[in-house]
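Residues per chain are reported as follows:
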Amino acid sequence: MNHQFQLAAGSITGRDHLSMGKNNQDAMYSLITDQALISVVCDGCGSCAYSEVGARLIARLTVTTIARHLQAALTNDWASIRHQLLTALQTIVTTLGGDVEQTVRDYFLCTIVGVIVAPENTVLFSLGDGIVLLNGQLVPLGMTANNTPPYLAYGLLEWLDASRGQQLMAEKWAAMSQFQCHEWIPTSEVASVLIGSDGVLDLIKVADRPLPGKSEAVGQISQFWEDDRYFENPDRIRRRLFLINREATLLDAQTQHLVRYPGLLPDDTTFVVIRSSQPIIPQGANKSDS
């Protein structure tokens with residue numbers, strides 16, 4: 001996997017979070033082994049006090065858990081992956097002490113979107129909202145009712161209410177903490193994958209707008225898997241996002257007034273992009289003919 005695919009990533013705090021003095025509540029984590037490339041992006045719940053903490057922990061926990069139980073993930077046994085993750089998360093929450101439900105709500109509510117690239121197959125999965133682009137095409141992740149995305153940590157509330165005999169509430173939390181598998185395709189057909197927080201949607205929308213205070217356009221999202229420079233410099237995506245979201249104040253030569261150009265990304269924006277360094281073989285093609 002080290003030679004077949006390249007990976008690049010970046011994250012920036014959203015303009016609205018900066019104006020309120022809030023931290024970047026997104027997180028990402030990736031792992032490349034001989035067996036698979038696994039990557040996850042998490043987006044912390046904006047109304048939670050410290051969701052950036054849970055986002056970082058859950059991103060890493062998800063990737064390392066999948067790596068340890070790779071066969072379960074590749075055979076679509078997400079119930080097993082979920083159970084392993086919740087067991088590890090329960091240990092952390094219990095160790096922190098205090099009221100379990102309040103700790104979950106303060107720290108551990110975040111969405112998950114991820115990809116597993118194995119030698120034979122590639123799997124795209126999520127728990128909650130986010131964005132996935134496969135070979136440049138948007139993969140629908142489904143709608144969330146009333147802007148209330150599901151969260152993995154709701155599974156801990158499920159276990160808590162089940163232990164209290166509150167079965168209806170336990171069933172509610174269970175329904176809101178399930179992984180969804182969206183794509184399962186031969187890895188030979190994967191040219192590029194981008195997984196990100198929903199702030200990437202704003203990045204896509206401003207593609208034709210100029211960078212704040214400059215004439216250069218932001219550019220299409222495809223630049224991030226087409227331009228070699230993003231894979232040669234591990235900090236280049238973050239630097240590009242910084243330019244897109246940097247506020248600029250310039251003197252207008254005609255009016256002699258200062259003009260403020262705000263950053264273009266209101267929400268935290270985080271993504272991981274993966275691209276193949278091998279020729280793509282269409283499904284059903286004979287490898288010897290390619």
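Analysis parameters
- Residues numbered from 1 in each chain as written.
- Predicted model: local features only at pLDDT ≥ 70, side-chain atom pairs only at ≥ 80, totals over all residues.
- Heavy atoms only, no water.
- Core = buried A, V, L, I, M, F, W, Y, C linked by side-chain atoms within 4.5 Å.
- Buried < 20%, exposed > 50% of the residue type's maximum accessible area, 1.4 Å probe, protein only.
- Helix = DSSP H or I, 4+ residues; strand = E, 2+ residues; numbered from the N terminus.
- Contact = heavy atoms within 4.5 Å.
- Expected span 1.5 Å × (residues − 1).
- Arc of directions from axis to C-beta.
- Phe/Tyr/Trp six-rings, centres within 6.5 Å; stacked < 30°, edge-to-face > 60°.
- Lys NZ or Arg CZ within 6 Å of the ring centre and 35° of its normal.

With 41 residues, the main nonpolar core has Ile-66, Trp-78, Ile-112, Ile-116 and Leu-152 as its most contacted residues. Sorting the residues of this core by element identifies strand 3 (37-44), helix 2 (51-68), helix 3 (70-74), helix 4 (78-96), strand 4 (110-117), strand 5 (121-127) and helix 6 (154-163) as the ones contributing at least two each. Apart from residues no more than four positions distant in its own chain, Leu-152 is found in contact with Ile-58, Arg-82, Leu-85, Leu-86, Leu-89, Cys-110, Ile-112, Leu-127, Ser-177 and Phe-179. Ranked by size, the runner-up nonpolar core spans 22 residues in total, among them Ala-8, Leu-211, Tyr-230 and Leu-264.

One full turn of an α-helix is made of 3.6 residues, so residues set three or four places apart face in the same direction. Over its 18 residues, helix 2 runs 25 Å from end to end, which matches the ideal 26 Å to within 8%, given 1.5 Å per residue. What helix 2 keeps buried is the set Ser-51, Glu-52, Gly-54, Ala-55, Ile-58, Ala-59, Leu-61, Thr-62, Val-63, Thr-65 and Ile-66.

Moving on, we come to helix 4. Over its 19 residues, helix 4 runs 27 Å from end to end, which matches the ideal 27 Å to within 8%, given 1.5 Å per residue. Among all positions in helix 4, only Trp-78, Ile-81, Arg-82, Leu-85, Leu-86, Leu-89 and Val-93 are buried. Mapping the buried residues of helix 4 onto a view down its axis gives an arc of 125 degrees, with all of them on the same face. Exposed residues on helix 4 whose side chains face more than 90 degrees from its buried face are Thr-94 and Thr-95.

Turning next to the packing of aromatic side chains. Scanning the model with the defined rule gives 9 aromatic pairs in all. Each ring, one from Trp-78 and one from Phe-179, has its centre 5.1 Å from the other, and the planes form 35 degrees; the classification is tilted. Highlighted residues: Trp-78 in helix 4 and Phe-179 in the loop between helix 7 (167-175) and strand 8 (180-186), separated in sequence by 101 residues. The pair Trp-78 / Phe-179 is uniform in exposure class, with both members buried. Look at Tyr-107 and Phe-108: their rings are 6.1 Å apart centre to centre, the planes differ by 40 degrees, and that puts the pair in the tilted class. Taking the relative accessible area as the measure of exposure, Tyr-107 reaches 27% and is therefore partly exposed. Owing to a relative accessible area of 1%, Phe-108 belongs among the buried residues under this scheme. Each residue in the set Tyr-50, Tyr-107 and Phe-108 is aromatic and connected to the rest through ring pairs, giving one cluster. Residue placement shows Lys-172 over the ring face of Trp-173; its charged tip is 4.6 Å from the ring centre.

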